Amino acid sequence: MADEAPPRNVFQRATETALYLRQNVPQELRHPQVAIVCGSGLGGLAETIHPEPVFETAYANIPNFPQSTVQGHAGKLIFGLIGPAKLPVVLLVGRAHFYEGHSMELVTFATRVCKVLGVHTMIVTNAAGGLNPDYNVGDIVLLNDHLNLAGLVGFHPLRGPNIDDFGVRFPPLSDAYDLELRKRVHKAWKNLGLDQGKRRIHEGTYVFAAGPSYETRAECRLLRGFGADVVGMSTVPEIVVARHSGIRVLAFSLVTNKAVFEPGPRGDDPEIQNMTSAELDAHLSKGKANHEEVLEAGREAAKDMQVSDTRGVPN
């Protein structure tokens, strides 16, 4: 009886997927230099590319690719050209999340494929809850650090045998968020006059929570105490794998709701004793996160992010 063939590793599968894409994508788009990951409600970033040439395909059509099941994530890959220099880019409109039941390997597979395709820079976007009290809904946070809570307790995207074809066993992450690219974004923001509008841009720390439930009041206080400015359920695994693969990273969070820090009302609070059930529900629901509001905030912010992103992309 013949021995079973060993399972293909991530590099082999990523190479297979990249080959499939190159065989189907027009010649001038086959070697993207920049990848843009469009988070919840931010699919409008696809409008940053030139109308032609464009190649678009659903994740479902791509070998080995994970499928996104979340509202606001279209689940498609778009190849095109961006900016005056017509830089070849690939847009990932939607992502796979750990909370959907995917493994960390699958959550970060698209990032590995981008590396094999020749991508040298990734722009990663997400919708996040604001923990920093100075942030308002609609503000944009340029990430300069992160807290990988899931990774710290063992759910790390680099867990297991190291894939030497991509990077070293112990990659440093103190320089994960490219300083030159952040500098370009701040300059573009001012040059375009966006600093005169209501939407502000900050720099801050993102904390990755596995999800899918939104954080409790006590959890929000804990995360803020850890030094986090925004909290979300994505992005960090992609960034860790991108840096492991030698890809430069620029990351944005859109603040779609403000965290509620105050402890909830006690059942013996005199203020609530004469309230009806509906009044109690309304009292407790103040500030509660809502996915529809997240998507709407994302659609509005995408308009400003489209402009700043294209100016921050390296030629």
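Parameters at a glance
- Residues numbered from 1 in each chain as written.
- Predicted model: local features only at pLDDT ≥ 70, side-chain atom pairs only at ≥ 80, totals over all residues.
- Heavy atoms only, no water.
- Axes fitted to C-alpha atoms, helices over the stretch in contact; angles between N-to-C directions.
- Helix = DSSP H or I, 4+ residues; strand = E, 2+ residues; numbered from the N terminus.
- Left-handed = near helix turned anticlockwise from the far one by under 90°.
- Contact = heavy atoms within 4.5 Å.
- Nonpolar A, V, L, I, M, F, W, Y, C, P; charged D, E, K, R; others polar.
- Buried < 20%, exposed > 50% of the residue type's maximum accessible area, 1.4 Å probe, protein only.
- Polar contact = N/O pair within 3.5 Å; in protein donor to acceptor, adjacent residues only side chain to side chain.
- Phe/Tyr/Trp six-rings, centres within 6.5 Å; stacked < 30°, edge-to-face > 60°.
- Lys NZ or Arg CZ within 6 Å of the ring centre and 35° of its normal.
- Expected span 1.5 Å × (residues − 1).
- Arc of directions from axis to C-beta.
- pLDDT = per-residue confidence, 0-100.

This part takes up the packing of helix H1 (residues 10–24) against helix H3 (residues 109–117). It is at 8 Å that the axes of H1 and H3 come closest, and there the two elements cross at 65 degrees. Remark: the crossing between H1 and H3 carries right-handed chirality. Between H1 and H3, the residues in contact are Val10, Phe11, Arg13, Ala14, Thr15, Thr17, Ala18, Leu21 and Arg22 and Phe109, Arg112, Val113, Val116 and Leu117, respectively. Of the residues that constitute the contact of H1 with H3, the class distribution is nine nonpolar, two polar and three charged.

All right, on to the side chain of histidine 202 then. In this structure, histidine 202 sits in strand S7 (residues 201–208). We classify histidine 202 as buried; its relative accessible area is 13%. A distance of 2.9 Å separates the side chain of histidine 202 from the side chain of aspartate 139, its partner in a polar contact. Not counting the four nearest positions on each side in its chain, histidine 202 is found in contact with Asp134, Tyr135, Asp139, Ile140, Val141 and Leu142.

Another point: the packing of aromatic side chains. Evaluated as defined, the whole model comprises five aromatic pairs. Taking the centre distance of 5.4 Å and the plane angle of 75 degrees together, the rings of phenylalanine 11 and phenylalanine 166 count as edge-to-face. With phenylalanine 11 in helix H1 and phenylalanine 166 in the loop between helix H4 (149–152) and helix H5 (179–191), this pair connects stretches of sequence that are 155 residues apart. In this structure phenylalanine 11 comes out as partly exposed when scored by relative accessible area, which is 26%. The interplanar angle of 50 degrees and the centroid separation of 5.4 Å between the aromatic rings of phenylalanine 98 and phenylalanine 155 together place this pair among those described as tilted. In this pair, phenylalanine 98 sits in the loop between strand S4 (87–93) and helix H2 (104–107) while phenylalanine 155 sits in the loop between H4 and H5, placing the two residues 57 residues apart along the sequence. Taking NZ or CZ as reference, arginine 112 lies 4.4 Å from the ring centre of phenylalanine 166, over its face.

Before going further, it helps to examine H5. With 13 residues, H5 ought to run about 18 Å at 1.5 Å a step, and its terminal C-alpha atoms sit 18 Å apart, in line with that. Listed in full, the buried residues belonging to H5 are Leu181, Arg182, Val185, Ala188 and Trp189. Here the buried residues of H5 occupy an arc of 125 degrees about the axis, which is enough to place them on one side. Facing away from the buried surface of H5 by more than 90 degrees, the exposed residues are Leu179, Lys187, Lys190 and Asn191. Structurally, the start of H5 carries an N-cap: the backbone nitrogen of glutamate 180 is 3.1 Å from a side-chain oxygen of aspartate 178.

The next subject is the side chain of threonine 57. With respect to the element layout, threonine 57 can be found in strand S2 (residues 55–58). There is a polar contact of 3.2 Å between the side chain of threonine 57 and the side chain of asparagine 61. Each residue touching threonine 57, except ones within four places of it in the same chain, is listed here: Ile62, Lys76 and Leu77.

With that out of the way, let us pick up the environment of phenylalanine 170. Within the secondary structure layout, phenylalanine 170 lies in the loop between H4 and H5. Phenylalanine 170 sits in the exposed class, given a relative accessible area of 72%. Along the primary structure phenylalanine 170 and histidine 244 are separated by 74 residues, whereas in three dimensions their C-alpha atoms are 8.5 Å apart.

Right, let's get into helix H7 (residues 236–244). In terms of burial, H7 is a largely internal element, nine of the nine residues being buried. Within H7, burial applies to Val236, Pro237, Glu238, Ile239, Val240, Val241, Ala242, Arg243 and His244. Among the residues trailing H7, glycine 246 stands out with phi positive, at a value near 80 degrees.

As a general rule, the predicted coordinates of low-pLDDT regions are not to be interpreted in detail. Counting all residues, the mean pLDDT for the protein is 87, and 85% of those residues have values of 70 or more. Low pLDDT (under 50) marks residues 1–7, which in the prediction has one contact with non-local residues, meaning those over four places away or in another chain. For the stretch residues 307–312, pLDDT sits under 50, and the model shows 14 contacts to residues farther than four places along the chain or on other chains.

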